[in-house]
Each structure stands twice: as C-alpha cells, then as structure tokens.
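Listed here are the chains, written in short residue letters.
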Amino acid sequence: MAEDLHSLAGAAALDALEPDERAAFEAHLASCADCRAEVAALQEAAAQLALSAGSIAPPPRLRAAVLERVGRTRQVPPVVTPLRRRRPVLQWLAAAAAVVLVLALGTTVVVQQQSISDKTQRIEAQERRLDEAAELLRTTPQVVALPSGGELAYATAGGAAVVEVRDAASPGAGRQWELWVIPAGGDPRPSGLVPGTDGRFFLPDLGDATAIAVSNEPAGGSQQPTTTPFVVQL
Amino acid sequence: MTADGPPTIAGAPLTLEEMIDRVALGDEGAFAALYDAVAPRVLAVATRVLRDVAQAEEIAQEAMLDVWRSAPRYDASRGGVLSWVLTITHRRAVDRVRSEQAAGEREERAGVRDVQTPHDEVAEQVETRLEHAAVRDCLQSLSELQNEAIQLAYWKGYTYRQVAEVLAAPLGTIKARMRDGLIRLRDCLESRV
C-alpha cells in the first residue's frame, strides 16, 4: 500500500490524483517525512511550469475585492507543536524580574495525527472560542499597562485567547516586541511578533499555558526571551 | 490598517519571505504588498488552466484568499513563497476544471479551449522571458511521453488516469513518467541557473 502511494508523488505534485487517492495520499504524507520532502521537491519543479504561464495584470476591481474579503476573513491558527518540558516554570519565573501574575489552565497541547474530520471539528471549535474571545475583547477586555507605554489587552474563552498590543512604545531600531505564551512547567513559547507598535494575535489553544508575556527582541524575534519579559497572568 | 503601498523597513522593499512572515501575523498592509507582487502570476496560471477570463479572476480571488487564510502555516522549508502561492492557485484552478467536467459544462465551451493565454507583454520583463525559454527548452529535453503526461495533467487538469486513457498508456507508466519527468525538468532547470 505504502509503496503504491509512494509511486503517486509525481501525479500528486501535478494535482493529478483522483479525489479519493488525494485524501489517502495526504494521510500517508502526514506519517512519511521522506514523502513530504519528495513531493515538495517535485512541486518546486511544477511551480517552474506555473511560472512559464507568464504574468497578466489583474484588473483593479480584483484587488479591491480580495482586500475587502481579507478584512473579514480569519486566518487559520499556526500548527501547534507539543512543547518539550525543560525547566519547571517557577525556576524560570524566578529569573524573570517583572512577574505580575500566573494562572493555571487545565488542558495539554496535543497535536497528533487525527482523522481529518476530527481536525476540522477541532479547528471549528477553536474558531468558535476565538470568536467568543474576540467579542469579549471588544466588550469587556482585560487591560494591563505596559511598563514602557501603551497597553496589553486580552480576553480568553474556553482555552482560546485574543491579545492586542496597543500603542506600545517604539521597540527601537532593528527591534520588535514579541509575544510569548508561558506553559506550566515549560519555557515561554514564541507566539507572535508585533509589527511596529500595535498588533492583534489569535491564540487558538492556550493548552497548559499559565501566562502571557511581552519582551523586546531583535527584529524577526527570538526563540527564548533575551530581555526581561513583562509577564501577565491570564 | 491601510493597504497603501508596500510596507518597508528603512525604505527597502520587503522580500516575499518577509511579506509572508508579516501576513502570517495578520498584517493586511503586508498582504496588499504580497498581492501586488504575485497576483499577475496567479492570474496567468488560472487563465492558462481555465481558458476563461471571468472564471480565472474568480479562482485568482479564491487562491489569494487561501494564501491569506493559510499564511500562518506556510513552511519555508518546503519551498519558496511564489511556488507555494502558485501551487495553491493551480490546485484551485484544477479543482474548478474537474467540477465543471463533472457537471458536463466544460464541453460546451470547447470552442474557446484552445485560445492562447493572453500574455501581458508590457508587464513581462526580460528576466521572465528567459525563464519561459528555460522551461520550454527543458520541457523539450524530456521524452515525448514525459512531456505530454506532464502538460496534459498540469494545464488541462487531467488526472493521471485520464492522461493514461488519452495517451493509451498503462497507469503505472504514466505515474512513473510524471515523476521522472518532473525530476528531469528540475535537474535541467537547475543546471541552467
């Protein structure tokens, strides 16, 4: 079976599979890193074919229509990867000077192979919670002043959160404000970069997170805070 | 958030990679810049597959919206931004061709199927023409079966089973020729860089 699917890599890269085969092939890809790499390489070749179609200047109304729809279309959450436990959170918190509050939420972040319909349902549930959180952020946000100016506003609903950085101080040349989610018993997770002084972030699954934080980082962000983060209990 | 002009750092235009990083964080201004950079390519691919301007514009719109929605999941380790965008576009276009085939509508437009893709020669830069020439030359370096199998699937939206039928070749042969044809195409293009 696997070998049979493997032989479909070229047809898959050309979008030339029958619908039921596409589903089986994609399920296979989820568990086969070599196959993913091969299809990615073949898709690069197929994209060269696409480039040979040239360019056609789109009419201005197309741009207007796309941008209008973008303004009311939610993005999918990034793929959440399970967090490796390293240091106990208290040890990390002791190192952080500006701890404000910490709270414990129940669930664990687990993204493993699930059936596609499970995944879709889960994403839909996350989207509902994000909608709720966004609505709460509009009506009754939690607002905390940032030490360097501006504020952090957030709302949570059922393990999802919407966070806004509003009117923050300039992070400085070549620097950016970065958002972190801090899980119980783990290191802060990079959770978004503020483009400038304002940003809005959708966090679909806080998992076992206990707090969020903001720190000043080199532009492009860091994997771990390199300056003392401002920590807020959710 | 406004969509006037591309966002810049210290006046330097952003690369597609920098744009997508910002789009992934919900930056609509960066998305407008990305749209301006890739939409002519997107529309050309949709037009070549669908051979119908109105439908191509519809698919281009859907594809760009897919790009916005799924930007947080763009994975740079699996290819460049433009390839990713055009892969999304191609799949959308082919899905439309198939749903029309299923509905039997496509044959009614048989008369316009072989219309040449209109190229915007003014917007097309010398660099782009060189790219075309490279792809054309490299396609010619493939075996006839490789070339035909790839072209029928990619531009006509045929599944590999349909390709096998049209070319009267065994399924296994067609699957293999698609795969080794793409590998040869890639190697040929790389050798010309």
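Before reading further, recall that the structure is shown in the block above.
The structure contained in this document is the topic of the report that follows.

Basis of the calculations
Residues numbered from 1 in each chain as written. Chains lettered and ligands numbered in written order. Predicted model: local features only at pLDDT ≥ 70, side-chain atom pairs only at ≥ 80, totals over all residues. Heavy atoms only, no water. Core = buried A, V, L, I, M, F, W, Y, C linked by side-chain atoms within 4.5 Å. Buried < 20%, exposed > 50% of the residue type's maximum accessible area, 1.4 Å probe, protein only. Helix = DSSP H or I, 4+ residues; strand = E, 2+ residues; numbered from the N terminus. Contact = heavy atoms within 4.5 Å. Arc of directions from axis to C-beta. Salt bridge = Lys/Arg side-chain N within 4 Å of Asp/Glu carboxyl O. Pairing = 2+ DSSP bridges. Phe/Tyr/Trp six-rings, centres within 6.5 Å; stacked < 30°, edge-to-face > 60°. Lys NZ or Arg CZ within 6 Å of the ring centre and 35° of its normal. Axes fitted to C-alpha atoms, helices over the stretch in contact; angles between N-to-C directions. Buried area = accessible area lost by both parts, 1.4 Å probe. Polar contact = N/O pair within 3.5 Å; in protein donor to acceptor, adjacent residues only side chain to side chain. Nonpolar A, V, L, I, M, F, W, Y, C, P; charged D, E, K, R; others polar. Disulfide = S-S within 2.5 Å.

Looking at the nonpolar core
Formed by 86 residues in total, the largest nonpolar core has its most connected members in A:Leu14, B:Phe31 and B:Met178. Considering every element that reaches this core, the biggest residue donor is helix H2 (residues 28–50) of chain B, with 15 residues. Excluding anything up to four places from it in sequence, B:Met178 contacts A:Gly10, A:Ala11, A:Leu14, A:Ala16, B:Ala149, B:Ile150, B:Ala153, B:Tyr160 and B:Val163.

Thoughts on the side chain of B:Thr89
Mapped onto the elements of the fold, B:Thr89 is located in helix H4 (residues 81–103). Ignoring anything within four residues of it in the chain, the contact list for B:Thr89 reads B:Val42, B:Val45, B:Ala46, B:Ile59 and B:Ala63.

Thoughts on helix H1 (residues 16–23) of chain B
Within H1(B) the residues assigned to the buried category are B:Met19, B:Ile20 and B:Val23. When H1(B) is viewed along its axis, its buried side chains cluster within an angular range of 95° and face the same direction.

What about the pattern of salt bridges?
Counted under the stated rule, the structure contains 18 salt bridges over all chains. The shortest N-O distance in the salt bridge between A:Arg69 and B:Glu62 comes to 3.1 Å. Note that A:Arg69 is positioned in helix H5 (residues 60–70) and B:Glu62 in helix H3 (residues 53–70), a pairing that runs across two chains. Linking A:Arg200 and A:Glu164 is a salt bridge whose minimum nitrogen-to-oxygen distance equals 2.4 Å. Of this pair, A:Arg200 sits in strand E7 (residues 199–203) while A:Glu164 sits in strand E4 (residues 160–166), placing them 36 residues apart in sequence. You can call A:Arg200 partly exposed: its relative accessible area is 36%. Within this structure, A:Glu151, A:Glu164, A:Arg166 and A:Arg200 form a network of salt bridges that share partners.

What about the pairing of strand E9 (residues 230–233) of chain A?
All names here are of chain A. Where burial is concerned, the two faces of E9 agree: the one with Phe230 and Val232 and the one with Val231 and Gln233 are both buried. In the sheet, strand E8 (residues 209–218) pairs with E9 via four bridges, with the strands oriented antiparallel. The residue bridging Ala211 from the neighbouring strand is Gln233, located in E9.

A short note on the packing of aromatic side chains
All chains considered together, the criterion is met by three aromatic pairs over all chains. Above the ring of B:Trp155, the side-chain terminus of B:Arg48 is found at 4.2 Å from the ring centroid.

Here's the deal with the sheet that holds strand E2 (residues 142–145) of chain A
All names here are of chain A. An order of E2-E3-E4-E7 is seen for the four strands of this open sheet, with the pairing classed as antiparallel. For this open sheet the edge positions go to E2 and E7, each flanked by a neighbour on one side alone. For this sheet, the mean angle separating the axes of adjacent strands, direction not counted, is 15°. In this structure, E4 lies alongside E7, joined through five bridges in antiparallel fashion. Looking at the pairing, Glu164 lines up with Arg200 of E7.

Looking at the interface of chain A and chain B
At the junction of the two partners, chain A supplies 59 residues and chain B supplies 68 residues. Overall, the association of chain A and chain B removes approximately 5900 Å² of surface from exposure, summing both partners, and the carbon and sulfur fraction of that is 60%. The closest approach of N and O atoms between A:Glu38 and B:Arg179, which form a salt bridge, is 2.4 Å. At the junction of chain A and chain B, the tally comes to 26 residue pairs in polar contact (both at pLDDT 80 or more). For the side of chain A that touches chain B, the secondary-structure elements that each account for two or more residues are helix H2 (9–13), helix H3 (19–30), helix H4 (33–51), H5, strand E6 (189–193) and E7 of chain A. Element by element, the count of residues in the side of chain A that touches chain B is highest for H4(A), at 14 residues. Of the residues contributing to the side of chain A that touches chain B, the split by class is 34 nonpolar, 11 polar and 14 charged.

A few points about the state of the cysteines
Applying the stated criterion to the full structure yields two disulfides over all chains. Bridging A:Cys32 to A:Cys35, the disulfide has an S-S length of 2.1 Å. Its torsion about the S-S bond being 70°, the disulfide of A:Cys32 and A:Cys35 is classed as right-handed. The pair formed by A:Cys32 and A:Cys35 is uniform in burial state, with each residue classed as buried. With a sulfur-sulfur separation of 2.0 Å, B:Cys138 is cross-linked through a disulfide to B:Cys188.

In short, shape yes, function no, at least from these values alone.
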